[in-house]
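For reference, the chains in residue letters:
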Amino acid sequence: MKKKWFKIPLILLGNAVLAFGIAAFILPGGFLSGGATGIALLIQQVFSLPVVVTVWVINIAMLLLGWATLGKGFVFTTVLSSICYPLFLDLFQRFLAGRVLTDDPLLSALFAGLLVGVGVGLVLRMGASSGGMDIPPLVLNKYTGISVSIFLYAFDTVILLFQAFFSDLEKLLYSILITLLTSLVINKVMLIGKSQVQVMIISQKYREINQAIQTTLDRGSTFLQSVTGHLQKEQLVVLSILSPRELPALNRLVSQIDPMAFMTVTQVNEVKGRGFTLKKWD
């Protein structure tokens, strides 16, 4: 319960950043958008309904769909986002009162993609849903097993194509740029603080290196059985996962123990288990 309450301010922050990106850059720039906002923009073009009103209606409808198909446990964070996002959007639209922060469409597109990506990424990182059109992909994934991201991209593409009838080609191209940048930023936000490096060390002094990793760096290690390609000699390889800031210290340790050691370093996006997401010792 305590962990859930800790997430609430970050979910609110994510929705606020998302709403500001929409209100400050996408709406004034006349860009196309996916999701609930994209549908709202399309309806605004046809029926002249305010974007905020349509977003409210879509979020409530999608919330009921999620409740009926995904269960009550899904509802709390979705309700929070479904209510807060339209409120933040309305607040920022009133605050800006038609003011344009920049007349440069490229600059607007870049900041739109950055802010929307940070906002959505932060909400998703908290294990929450931003509501709206995030919910149908979750429902379809439950019944088909097809990746949520595939459905998200499919829905956004269809929404963008429909909006293209009411916009010029240049706006469509900028909107594609926003969508791509948003996707990249979401992935980066989701991985902040989780990136680690995996090292594999081949050395005759593998026992000393293994001991140094465990005692000096206080990191775990694993032996992997291998056979060298040239001499066909059985050789144990030391495998360890550590943070990027610990890598220079490991390099110094290995060089001191065996200057001829062969070491490879690979970036790992996420690590779960003892010493990372679990305590080192019970």
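In case you missed it, the structure is sitting above this.
Now for a quick tour of the structure. Note that the structure is a prediction, hence the values are computed from the model and not measured.

The next subject is unusual backbone geometry. One non-glycine residue, Ser48, lies in positive phi territory at about 60°. Within the fold, Ser48 resides in the loop between helix H2 (35-47) and helix H3 (51-70). In this model, Asp218 sits at a positive phi of 55°, which is unusual for a non-glycine residue. Along the chain, Asp218 turns up in the loop between helix H9 (206-215) and strand S2 (222-227).

Attention now moves to the sheet that holds strand S4 (residues 262-268). Across the sheet, four strands lie side by side as S2-S3-S1-S4; this open sheet has antiparallel pairing. Only two strands of the sheet have a single partner each, and these edge strands are S2 and S4. Along the sheet, successive strands turn relative to each other by an average axial angle of 25°, direction set aside. Relative to S4, strand S1 (residues 196-202) runs antiparallel, the two being bridged by seven bridges. Each residue of the ladder has a partner; that of Ile202, found in S4, is Phe262. The strands touched by H9 within the sheet are S1, S2 and strand S3 (234-242), with S3 carrying the most contacts at an inclination of about 15°.

This next bit is on helix H8 (residues 169-191). Given 3.6 residues per turn, any residue in an α-helix points the same way as the ones three and four places further on. Taking 1.5 Å of rise per residue, 23 residues should cover 33 Å, and H8 covers 34 Å from first to last C-alpha, within 8% of that figure. Taken as a whole, H8 has its buried residues at Leu172, Tyr174, Ser175, Ile178, Thr182, Ser183, Val185, Ile186 and Val189.

Relative to the elements of secondary structure, Trp56 occurs in helix H3. Each C-alpha atom, one on Trp56 and one on Ala40, is 9.5 Å from the other, the two residues being 16 residues apart in sequence. In this structure Trp56 touches Ser82, Ile83, Pro86 and Leu87, once residues within four positions along its chain are discounted.

The next point concerns a nonpolar patch on the surface. Taken together, Val46, Phe47, Leu49, Val158, Phe162, Phe165 and Phe166 make up a surface patch of nonpolar side chains, about 760 Å² in accessible area. Mapped onto the fold, Val46 is located in helix H2. We classify Val46 as partly exposed; its relative accessible area is 45%.

Turning our eyes to something else, we now look at the pairing of S1. Alignment of S1 against S3, held across six bridges, turns out to be antiparallel. Residue pairing for S3: Ile201 is matched across the bridge by Val238.

Closest axis-to-axis distance for the H3/helix H6 (residues 135-144) pair is 9 Å, and the angle between their directions is 20°. As judged from the angle between their axes, H3 and H6 are roughly parallel. Note that H3 runs across H6; the crossing there is left-handed. Across the interface between the two elements, Met62, Leu63, Leu65, Gly66, Thr69 and Leu70 of H3 pack against Ile135, Pro136, Leu138, Val139, Lys142 and Tyr143 of H6. Taken together, the residues that form the contact of H3 with H6 break down as nine nonpolar, two polar and one charged.

What counts and what doesn't
- Residues numbered from 1 in each chain as written.
- Predicted model: local features only at pLDDT ≥ 70, side-chain atom pairs only at ≥ 80, totals over all residues.
- Heavy atoms only, no water.
- Helix = DSSP H or I, 4+ residues; strand = E, 2+ residues; numbered from the N terminus.
- Pairing = 2+ DSSP bridges.
- Axes fitted to C-alpha atoms, helices over the stretch in contact; angles between N-to-C directions.
- Contact = heavy atoms within 4.5 Å.
- Expected span 1.5 Å × (residues − 1).
- Buried < 20%, exposed > 50% of the residue type's maximum accessible area, 1.4 Å probe, protein only.
- Patch = residues over 30% accessible without salt bridge, like charges linked within 9 Å, V, L, I, M, F, W, Y side chains within 5 Å.
- Areas by Shrake-Rupley, 256 points an atom, 1.4 Å probe, with all protein chains shown as cover.
- Salt bridge = Lys/Arg side-chain N within 4 Å of Asp/Glu carboxyl O.
- Parallel < 35°, antiparallel > 145°, perpendicular 65-115°, else oblique.
- Left-handed = near helix turned anticlockwise from the far one by under 90°.
- Nonpolar A, V, L, I, M, F, W, Y, C, P; charged D, E, K, R; others polar.

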